[in-house]
Amino acid sequence: MNHAELIEKLKKSGFEQLGTASAFGYAGEWVIGFIGLSGRFQQAGTKAFVICARPISFDYMERPKGKYHDDPMEYPFKLTLNSFGEKLKYQSQLLRFEHSRIDTEGDWSKVFDFLVKDLPESLSNLGVSGLVQQIKEIKEPGYIEKIWLGELGA
């Protein structure tokens, strides 16, 4: 399955495509984002991306202009295929985060499985309350973390 086939298969699985390289879907109380990165991340023949997840109930830094927010900064979980473990642990990555890169015509089946099976299962096991507890344990939360905790108005 190449990148174009991944996007089509995600759409058939209930995700909505945003632009040419991003797709978003729901898993219970969560929004999952497959966010294609552009600009400095572009390289011929490859796609750079980050997989993000956020509770539906979390506020944004700025009110979103559309149904989904395509800025990874708005998501508590910014994951790569290599960083994901079966148990999700929040790490404050507000300004810097890792990304994955795969050849456009490479095998994207692992990404599909991650988006529709592995990540939703892990998010369900963690629950929104589990994420909130992890964020509360941060000694000096950042601006968006304070918004997520309800300590600042959006």
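These numbers were taken from a predicted model, which means no experiment stands behind them.

**Comments concerning the overall build of the protein chain**
Part 1: When you go through the protein chain residue by residue, the secondary structure sums to 3 helices and 6 strands.
Part 2: Across the protein chain, helices and strands are ordered from the amino to the carboxyl terminus as α-β-β-β-β-β-β-α-α.
Part 3: In summary, the protein chain has a C-alpha radius of gyration of 15 Å against a globular reference of 15 Å for 154 residues, a match within 12%.
Part 4: Its C-alpha atoms give the protein chain principal-axis dimensions of about 45 × 30 × 25 Å.
Part 5: Among the 154 residues that make up the protein chain, the fraction classed as buried is 45%.

**Points about the packing of helix H1 (residues 3-12) against helix H2 (residues 109-136)**
The geometry of a pair of packed helices is captured by two quantities: the angle between their axes and the separation between those axes.
Part 1: H2 packs onto H1 with a crossing angle of 20 degrees between their chain directions and a minimal axis gap of 10 Å. One finds that H1 runs roughly parallel with respect to H2. Here H1 runs over H2; the crossing is right-handed. From H1, Leu-6, Lys-9 and Leu-10 reach across to H2, where they touch Val-111, Phe-112, Leu-115 and Val-116.
Part 2: Class assignment for the residues of the contact of H1 with H2 results in 6 nonpolar, no polar and 1 charged.

About the criteria used
Residues numbered from 1 in each chain as written. Predicted model: local features only at pLDDT ≥ 70, side-chain atom pairs only at ≥ 80, totals over all residues. Heavy atoms only, no water. Helix = DSSP H or I, 4+ residues; strand = E, 2+ residues; numbered from the N terminus. Rg over C-alpha atoms; globule rule 2.2 N^0.38 Å. Buried < 20%, exposed > 50% of the residue type's maximum accessible area, 1.4 Å probe, protein only. Axes fitted to C-alpha atoms, helices over the stretch in contact; angles between N-to-C directions. Parallel < 35°, antiparallel > 145°, perpendicular 65-115°, else oblique. Left-handed = near helix turned anticlockwise from the far one by under 90°. Contact = heavy atoms within 4.5 Å. Nonpolar A, V, L, I, M, F, W, Y, C, P; charged D, E, K, R; others polar.

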